[in-house]
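A look at the structure
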Amino acid sequence: MWDFFQTVRHRHSVRRYQSDVAIEPEALHGVLEMALAGPSAGDLQAYHLVVVRDGDLRGRLAEHSGEDFLAEAPVNIVVCADPERSAARFGKRGRELFALQDATIAATYIQLAAVAEGLGSAWAGGFEAGTLRALLELEEHLQPVAVLALGYPAEIPEPTPRRKLNELVSYR
């Protein structure tokens, strides 16, 4: 297994998938378990994950978000924040921030676990939350944050340029 730094450096947004190659149940389970291993405010895990394997539904997600790769990937994972779960302990800050942070941490862990499993992923956020909620028949209190495409890459994209550390970090 790769070390952590190799895993992070090999994470790329994959937008072409081997759509005819299913993800093994054990691999998908392992990726989902890693989402649960991430930190969360108060250890509340104020998020919900919806695994979408149905091809028609993936197609509708792709159409709604304008991201064709969602239809091509054999699995989409819709990551939702659960603001009320966090608000029960942390009030307004939990509702407005902590649940969103919990969901994005879970999504990030999913993407890193996918790399470790030899899978590719891409994050899609170009959707209208109410429409997505209706499409997936989500409970009203769940807030869709990201749709992650997941599958075996049909191509590995070239790394994209990154800003220099000294542009992003300041020390006091």
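Look up: the structure comes first, before these words.
Some points on the overall build of the chain
A tally of regular secondary structure across the chain gives seven helices and four strands. The order of helices and strands in the chain, counted from the N terminus, is α-α-β-α-α-β-α-β-α-β-α. Based on the C-alpha atoms only, the size of the chain along its principal axes is roughly 45 × 45 × 30 Å. In the chain, which comprises 172 residues, the proportion classed as buried is 42%. For the chain, long-range pairs separated by at least 24 residues make up 76% of all intrachain contacts whose partners lie at least 6 apart in sequence.

Some details on the packing of aromatic side chains
Overall, the coordinates contain two aromatic pairs when judged by the stated rule. Aromatic pair phenylalanine 4 and phenylalanine 5: ring centres 5.9 Å apart, planes at 75 degrees, arrangement edge-to-face. Comparing phenylalanine 4 with phenylalanine 5, the two get one shared label, exposed. Summarising the aromatic geometry, the rings of phenylalanine 90 and phenylalanine 98 are spaced 5.1 Å apart at their centres and angled 85 degrees between planes, so their arrangement reads as edge-to-face.

A few points about helix H2 (residues 25–37)
Turn by turn, an α-helix covers 3.6 residues, leaving residues three or four places apart pointing in a common direction. The end-to-end C-alpha distance of H2, which contains 13 residues, comes to 18 Å, matching closely the 18 Å that a straight helix rising 1.5 Å per residue would cover. Buried within H2 we find Ala27, Leu28, Gly30, Val31 and Ala35. Seen from one end, H2 has its buried residues packed into an arc of 160 degrees, which puts them on one side. Turned more than 90 degrees off the buried face of H2, the exposed positions are Pro25, Glu26 and Ala37. Buried residues in H2 make contact with strand S1 (47–52), strand S2 (75–81), helix H5 (83–116) and strand S4 (143–151).

Here we look at the nonpolar core
The biggest cluster of nonpolar side chains holds 25 residues, and the ones touching the most others in it are Ile23, Ile77, Val79, Ile110 and Leu150. Mapped onto this core, the elements with two or more residues apiece are H2, S1, S2, H5 and S4. Filtering out sequence-adjacent residues up to four positions away, valine 79 remains in contact with His48, Leu49, Ala103, Ala107, Ile110, Gln143, Pro144, Val145, Ala146 and Leu148.

Points about the sheet that holds S1
Spatially, four strands are ordered S1-S2-S4-S3 in an open sheet, and the strand pairing comes out antiparallel. Two strands lie at the open edges of the sheet, namely S1 and strand S3 (120–124), each paired on one side alone. Averaged over all pairs of adjacent strands, the angle between their axes in this sheet comes to 20 degrees, without regard to strand direction. Taken together, the five bridges between S3 and S4 define a ladder with antiparallel strand orientation. Pairing of tryptophan 123 across the sheet is with leucine 148, part of S4.

What to know about the environment of alanine 149
Note on placement: alanine 149 falls in strand S4. Owing to a relative accessible area of 0%, alanine 149 belongs among the buried residues under this scheme. Residues alanine 149 and glycine 120, spaced 29 residues apart in sequence, show a C-alpha to C-alpha distance of 7.9 Å.

Concerning a nonpolar patch on the surface
On the surface, a cluster of nonpolar side chains totalling about 470 Å² of accessible area is made up of Leu165, Leu168, Val169 and Tyr171. With respect to the secondary-structure elements, leucine 165 resides in helix H7 (residues 165–168).

Analysis parameters
- Residues numbered from 1 in each chain as written.
- Predicted model: local features only at pLDDT ≥ 70, side-chain atom pairs only at ≥ 80, totals over all residues.
- Heavy atoms only, no water.
- Helix = DSSP H or I, 4+ residues; strand = E, 2+ residues; numbered from the N terminus.
- Buried < 20%, exposed > 50% of the residue type's maximum accessible area, 1.4 Å probe, protein only.
- Contact = heavy atoms within 4.5 Å.
- Phe/Tyr/Trp six-rings, centres within 6.5 Å; stacked < 30°, edge-to-face > 60°.
- Expected span 1.5 Å × (residues − 1).
- Arc of directions from axis to C-beta.
- Core = buried A, V, L, I, M, F, W, Y, C linked by side-chain atoms within 4.5 Å.
- Pairing = 2+ DSSP bridges.
- Axes fitted to C-alpha atoms, helices over the stretch in contact; angles between N-to-C directions.
- Patch = residues over 30% accessible without salt bridge, like charges linked within 9 Å, V, L, I, M, F, W, Y side chains within 5 Å.
- Areas by Shrake-Rupley, 256 points an atom, 1.4 Å probe, with all protein chains shown as cover.
- Salt bridge = Lys/Arg side-chain N within 4 Å of Asp/Glu carboxyl O.

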